[in-house]
Amino acid sequence: METKNTRIKQMLKNFLMIFVAGLLIVVALAGLFININIENEKNIIKIRQQNSGEIVSVNVNLIFEDINSDGNIILHSGEMKDYINNSADVNNQGELKRMLSNMMTNKKIYDSIRFVGIDGAEKVRVNDTENGPTAVADSALENKGDQTYFLEAMKLNSGEIYISPMDLSKEGGEVEMPVKPVMRLTIPVFNDEGERQGILVLDYLAKNMLDQIENDSQSNMDMKVLLLNDEGYYLLSENSDKDFSFMYSNHEEGTFSEENPEIWQAILNNGNGYFDDGKDLYFYTPIYPLEGYQNLRWILVGAAPLDTLGVFINENNRNMMLIAALLILVLGIVSLIVARLLIQKKEASSREKITDSIFKNSKEGIIIMDAEMRVVYINKAFSAITGYSEDEIMGRKPIDFKAEENLHAVYREIWKTVKEEGNWQGEIVDEKKDGTRYSKYMTISRMLDSKSETLSNYLEVIEDLTEIKITQEAINKIKHYDENTGLPTQALFEIKTREFIKQVDHLAIIVIQITNFNRLRDNLGKEVRNIFMREASRRIQTFLNSGDLLGLLRKDEFVISRVNCVDRLAMDHLMNKMMIYLKEPIDIGDEKVYLNVSIGIAVFQEDSADLEKLIEYGNIAKNYALQTGDNTYVFYEKEIKENYFNNLKLETELRSALEKNELSLVYQPQVQVGTRAIFASEALLRWHNGNLGQISPDQFIPVAESTELIIPIGNWVLEEAIKQNKKWLDRTNKKNVVAVNLSPIQFKKSDLPQIIETLLKKYEMPAELLEVEITEGILVENMEGARSQLEKIKALGVKVAIDDFGTGYSSLKYLRNFNFDRLKIDREFIKDYPANDNGKIAKAILNLAKQMDLKVIAEGVETIEQFEFMKENGCDEVQGYYFHKPLSVDDFEKLITEKVSEKNSGEED
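Rules and cut-offs
Counting of residues starts from 1 at the beginning of each chain's written sequence and follows it residue by residue. For this predicted model, a pLDDT threshold of at least 70 governs which residues receive local features, and a threshold of 80 or more governs which side-chain atom pairs are given and counted, while totals over whole chains, interfaces and linings are taken from all residues. To obtain the side-chain values, all non-hydrogen atoms of the structure were included, while hydrogens and water were left out. Numbered from the N terminus, helices here are DSSP runs of H or I no shorter than four residues, and strands are runs of E no shorter than two. Note on classification: 1.4 Å probe, protein chains only; a residue is buried when its accessible area is under 20% of the maximum for its type, exposed when over 50%, partly exposed between these limits. Contacts are assigned to residue pairs with any non-hydrogen atoms lying within 4.5 Å of each other. Method for areas: the Shrake-Rupley scheme with a 1.4 Å probe, in which residue coverage is limited to the protein chains shown. Pairing between strands requires that DSSP locate at least two bridges from one strand to the other. Axis geometry follows a simple rule: fit a line to the C-alpha atoms, using only the stretch in contact for helices, then measure angles between N-to-C directions, giving values from 0 to 180 degrees. N or O atoms within 3.5 Å of each other form a polar contact, as long as, within protein, one can give a hydrogen and the other can take it, and as long as residues adjacent in sequence are counted only when both atoms are side-chain atoms. In what follows, roughly perpendicular refers to angles from 65 to 115 degrees, roughly parallel to angles under 35, roughly antiparallel to angles over 145, and oblique to any angle outside these ranges. A crossing counts as left-handed when the near helix is turned anticlockwise from the far one by less than a right angle, and as right-handed when that turn is clockwise. Residues are sorted three ways: Asp, Glu, Lys and Arg are charged, Ala, Val, Leu, Ile, Met, Phe, Trp, Tyr, Cys and Pro are nonpolar, and all the rest, Gly among them, are polar. Confidence scores here are pLDDT values: one per residue, from the predictor, ranging 0 to 100. Grouping buried Ala, Val, Leu, Ile, Met, Phe, Trp, Tyr and Cys residues that are joined through side-chain atoms within 4.5 Å yields what is termed a nonpolar core. Ring pairs shown here join Phe, Tyr and Trp side chains whose ring centres sit within 6.5 Å, with only the six-membered ring taken for Trp; geometry is labelled stacked below 30 degrees between planes, edge-to-face above 60, and tilted in between. The rule is short: NZ of Lys or CZ of Arg within 6 Å of the ring centre and within 35 degrees of the ring normal puts a charge over the ring.

**Student:** What is the right way to read the overall build of the protein from this model?
**Tutor:** Secondary structure assignment for the protein yields 29 helices and 35 strands. The proportion of buried residues among the 909 residues of the protein is 45%. A separation threshold of at least 6 residues defines the contact pool for the protein, and within that pool the share at least 24 residues apart is 60%. By element, 49% of the accessible surface of the protein is carried by carbon and sulfur atoms, the whole surface being about 48,000 Å².

**Student:** When you look at unusual backbone geometry in this model, what are you seeing that I'm missing?
**Tutor:** Most peptide bonds take the trans configuration, and most residues that are not glycine carry a negative phi. Between M177 and the following residue, P178, the backbone shows a cis peptide bond with an omega angle of -5°. Mapped onto the secondary structure, P178 falls in the loop between β7 (174-175) and β8 (181-190). Cis rather than trans, the peptide bond between Y833 and P834 has omega equal to 0°. Looking at the secondary structure, you find P834 in the loop between β33 (822-825) and α27 (840-851). At M373, a residue that is not glycine, the phi angle is positive and equals roughly 65°. Mapped onto the elements, M373 comes out in the loop between β15 (365-370) and β16 (375-378). You can call M373 buried: its relative accessible area is 16%. For R676, which is not glycine, the phi torsion reads 60° and is therefore positive. As for its placement among the helices and strands, R676 is situated in the loop between β27 (663-672) and β28 (678-689).

**Student:** So what exactly am I meant to see when it comes to the environment of W716 here?
**Tutor:** Here W716 shows up in helix α21 (residues 710-732). Not counting residues within four places of it along the chain, the set of residues in contact with W716 comprises L658, L663, S664, L665 and L685.

**Student:** Looking at this structure, how should I read the sheet that holds strand β20 (residues 507-514)?
**Tutor:** The strands that make up a sheet are held in pairs by hydrogen bonds between backbone atoms, and each pair lies either parallel or antiparallel. Read across the sheet, 5 strands follow the order β21-β22-β20-β25-β26 without closing on themselves; strand pairing throughout is mixed. Two strands lie at the open edges of the sheet, namely β21 (549-554) and β26 (632-635), each paired on one side alone. Each strand of the sheet is rotated relative to its neighbour by a mean of 20°, with strand direction disregarded. In the sheet, β21 pairs with strand β22 (residues 557-563) via 5 bridges, with the strands oriented antiparallel. Its bridge partner being in β22, L550 is matched across the sheet by I560.

**Student:** Whenever I open this one, the sheet that holds strand β12 (residues 273-276) confuses me. Can you help?
**Tutor:** Here 5 strands make up an open sheet; going across it, the order is β11-β10-β14-β13-β12 and the pairing antiparallel. Looking at which strands have only one partner, the edges of the open sheet turn out to be β11 (234-236) and β12. Put simply, the sheet's adjacent strands are angled 30° from each other on average, direction ignored. Of the strand pairs in this sheet, strand β10 (residues 224-228) and strand β14 (residues 298-305) are connected by 5 bridges, and their pairing is antiparallel. Bridge assignment links K224 to a residue of β14, and that residue is A303. Against the sheet, helix α7 (residues 261-270) makes contact with β10, β12, β13 (280-287) and β14, and its axis sits at roughly 40° relative to β13, the strand it touches most.

**Student:** Teacher, can you tell me more about the environment of L487 here?
**Tutor:** Tracing the sequence through the fold places L487 in the loop between α13 (466-480) and α14 (490-503). Assessed through its relative accessible area of 6%, L487 is described here as buried. Taking C-alpha positions, L487 is 9.8 Å from L553, a pair spaced 66 residues apart along the chain.

**Student:** In this structure, what is going on with the side chain of Q670? I would like to understand it.
**Tutor:** Counting through the fold element by element, Q670 comes out in strand β27. In this structure the side chain of Q670 is engaged in a polar contact, spanning 2.6 Å, whose partner is the side chain of Q879.

**Student:** I tried to follow the packing of α21 against helix α23 (residues 752-763) on my own but got confused; where do I start?
**Tutor:** Any two packed helices are characterised by how steeply their axes cross, that is the angle between the axes, and by the distance between the axes. One can describe the packing of α21 onto α23 by two numbers: an axis separation of 10 Å at closest approach and a directional angle of 30°. When the axis of α21 is compared with that of α23, the two are roughly parallel. The hand of the α21/α23 crossing is right-handed. On α23, the residues that touch N715, L718, E719, I722, K723 and K726 of α21 are L752, I755, I756, L759, L760, K762 and Y763. The residue inventory of the contact of α21 with α23, partitioned by class, reads 8 nonpolar, 1 polar and 4 charged.

**Student:** Help me understand the confidence of the model for the protein in this model?
**Tutor:** For the protein, mean pLDDT is 82; residues scoring 70 or higher make up 86% of the total. At the level of individual helices and strands, the protein shows its lowest average pLDDT in helix α9 (residues 336-361), which scores 54, and its highest in strand β4 (residues 162-163), which scores 95. This stretch, residues 903-909, has a pLDDT under 50; its non-local contacts, to residues over four places away or in other chains, come to 0 contacts.

**Student:** Help me understand the nonpolar core in this model?
**Tutor:** L770, I825, M870 and V878 are the most contacted members of the largest nonpolar core, which totals 76 residues. Here the element with the most residues in this core is α21; it accounts for 9 residues. Beyond its immediate sequence surroundings of up to four residues, M870 is in contact with I825, I830, L846, A858, V861, C875 and V878.

**Student:** Just checking my understanding: could you explain the packing of aromatic side chains for this structure?
**Tutor:** To describe a pair of aromatic rings, you give the distance between the ring centres and the angle between the ring planes. If you walk through the whole model with that rule in mind, you get 18 aromatic pairs. Note on Y234 and F256: the rings are 6.1 Å apart at their centroids and 85° apart in plane angle, and the pair reads as edge-to-face. Residue Y234 is located in strand β11, and its partner F256 is located in helix α6 (residues 256-259); the two are separated by 22 residues in the primary sequence. For Y234, a relative accessible area of 4% translates into the label buried. Owing to a relative accessible area of 1%, F256 belongs among the buried residues under this scheme. Summarising the aromatic geometry, the rings of Y274 and F283 are spaced 5.2 Å apart at their centres and angled 45° between planes, so their arrangement reads as tilted. Take Y274: its relative accessible area is 30%, and that puts it in the partly exposed class. An aromatic cluster is defined as three or more aromatic residues linked by ring pairs; in this entry it consists of F64, Y204 and W298. Lying over the aromatic face of F635, R568 brings its terminal NZ or CZ to 3.9 Å of the ring centre.

So this is what it looks like as structure tokens:
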């Protein structure tokens with residue numbers, strides 16, 4: 001009995017020892033597993049938080065890239081350029097407002113878009129209203145010169161941007177309700193000469209971005225999302241009352257930095273990372289609106305609750321507790337070694353399943369080879385990429401199923417590197433089972449035995465780049481080729497031309513502009529525009545050699561790299577043939593479209609060895625050709641550049657001449673030959689500019705006509721002459737006719753009969769005291785249209801004279817078909833009489849006018865001999881320095897007042 005009891009005690013002791021030891025091991029392992037699981041779960045949360053942060057950062061970047069892109073579209077649009085070049089034109093302002101309204105209608109992410117001048121005053125603004133985008137009236141525009149975003153944007157260079165901090169829209173100094181988070185992206189605006197014109201401001205409704213951040217952060221886990229500014233204020237939180245508290249004067253709601261000082265200090269110290277306070281796991285990272293734009297940043301904070309990782313809440317932890325209990329009950333006296341082996345086996349099995357799952361489900365192709373480089377494993381992705389099944393490839397070396405010899409050479413070099421360095425990675429072109437060639441990214445690594453450190457296997461991972469390559473090629477085509485014509489854009493054109501320059505000694509850059517592009521587009525529409533641009537491209541290409549290159553600089557400008565062009569005469573011949581072909585009509589349906597072109601040519605080495613300069617000089621020559629008239633070409637020369645910029649300077653100053661009151665009229669008396677009495681005067685335009693001084697009409701009139709500034713200037717001359725003549729009539733009671741010259745541009749593009757009728761009524765001046773002078777060129781371009789205009793003018797009672805007769809077309813049919821009151825002999829036929837001119841032409845004109853019963857006035861009469869000649873040959877009236885130079889208003893009034901006084905005195909005597 002005693003022995004039995006001893007055995008029982010010993011068994012009990014052994015049992016207790018084994019049981020206690022097992023219990024301690026199970027508890028210890030359970031605790032270890034639970035802690036590891038908690039840490040793993042935290043790591044998974046961290047990875048998800050980090051991924052969410054990266055997604056938020058990418059999407060925020062995409063949002064602002066889109067906004068920046070919208071800004072650049074506006075900046076480089078024809079509407080903006082037209083407005084910058086001529087902001088006084090109401091049509092240009094209207095087109096810009098329309099384009100901004102369309103942008104806001106399409107995007108629906110902007111509160112407003114505005115253009116602010118360099119003086120800080122808004123010039124154009126379109127607001128988002130309940131009724132959709134609405135252009136703000138000029139009277140309601142504001143001055144933003146004191147705004148931070150204006151001051152910062154005015155420091156920017158071309159191509160730079162400024163993004164304002166996020167705040168709330170205010171109205172009348174108070175936060176607008178409901179609250180409206182906004183940000184402002186500003187872009188400096190320069191004209192073609194690089195002169196700063198102001199800034200473009202896009203007021204972005206940041207609520208869209210905040211919603212996007214919240215959605216991105218919570219899409220794959222339960223996480224509290226916060227967005228802070230650099231000072232720790234909430235921009236996005238669970239409690240909307242705390243958001244943007246810095247915008248309110250009382251600041252009653254707390255800030256993140258005040259509520260979480262330890263976390264805020266970690267953010268300040270580290271920039272990005274994690275913070276575990278036992279309740280929540282915080283992830284923080286800086287967010288920038290654009291990659292590389294460091295002037296503005298926010299802090300994204302994600303807080304994931306840790307209570308889900310508790311022992312009795314987390315599913316894995318609960319399972320572990322259950323397993324431990326079962327082990328204690330079932331295993332009891334099982335040895336520590338067996339328990340540990342079972343656990344190790346289970347863990348090994350779990351790892352094996354995970355590895356197998358990763359390999360099988362990977363989208364990359366995976367091959368495992370033995371130390372002899374024979375395949376022992378492939379996954380499904382490898383078969384899908386290459387077309388080889390597992391049966392076809394197992395036990396073979398990868399190099400064995402490469403048909404092309406060059407691939408054998410490539411693989412030999414790759415395996416040489418693997419053996420020497422342990423791995424190789426890079427992009428190669430391989431072949432599939434069916435012979436299809438494809439690009440792939442491949443990584444080959446050696447795998448060593450964990451115990452012996454000897455070579456056991458090779459791991460090869462491949463990624464099919466076919467779709468990526470296709471996408472890259474599509475992007476490259478969109479980026480470098482015009483969608484309509486298929487021609488290279490400027491960037492690709494410059495790349496290819498630089499290659500030409502390395503290979504040839506002679507090259508010319510030819511810039512061709514369709515100068516009536518905008519008018520054709522506006523009248524005929526976009527589709528027709530595309531057709532005639534394609535046809536223009538085709539016609540130009542018929543003149544190109546195999547080594548030449550045609551590209552598209554802008555929507556209406558072609559550019560050619562002409563190689564091996566040495567002979568200037570050959571280039572002249574080429575340009576003439578090209579212009580003739582380009583001017584031939586293009587049939588589009590029932591319409592015939594005629595293109596007007598201007599061409600500029602710059603020669604490599606002769607003008608510059610720099611391609612950008614050559615293109616610039618070609619443009620200058622083209623613009624100079626345009627200034628001289630459509631359908632011509634010009635070779636670049638230094639004098640052309642000087643003249644072109646002089647004309648640009650004149651144009652710039654002339655645009656503000658009316659506003660600055662720099663224009664004036666002088667009046668040259670016209671005298672009756674028989675009585676020598678003053679019966680009329682010719683109004684002559686003069687311009688005195690504060691910067692350039694007195695400018696000759698021969699200089700500024702052509703510029704005014706080429707830019708159509710002659711229309712408002714011509715209307716001003718008409719009104720000023722009528723108004724002044726009415727004053728003289730009231731003061732002297734003497735009826736003197738005032739003659740006003742009409743420009744061909746003014747005649748074609750204005751309703752002159754209506755304008756003249758309105759001015760005569762406004763100043764109550766008799767119509768017979770006004771005479772308009774037209775040149776023969778007006779009649780040549782549109783005889784029927786001119787007849788209609790002139791008949792309406794004469795119907796008002798206004799006199800009509802034909803000016804500079806004999807210097808233009810001088811067709812008798814104009815005199816026969818139009819009812820002129822006077823014919824004016826140009827001074828060219830008088831000025832050299834009698835020394836170098838016998839006066840035969842002037843006499844012939846006088847005889848012609850007499851036969852047609854037309855009165856004749858001769859201009860430029862400067863000597864007694866010239867006056868006597870005109871008198872002897874029946875000229876009715878003269879004007880010129882022999883009698884009077886052009887006089888100021890006061891001097892002319894004094895002259896006619898004296899004449900009236902003399903006449904009255906004579907009558908009294």
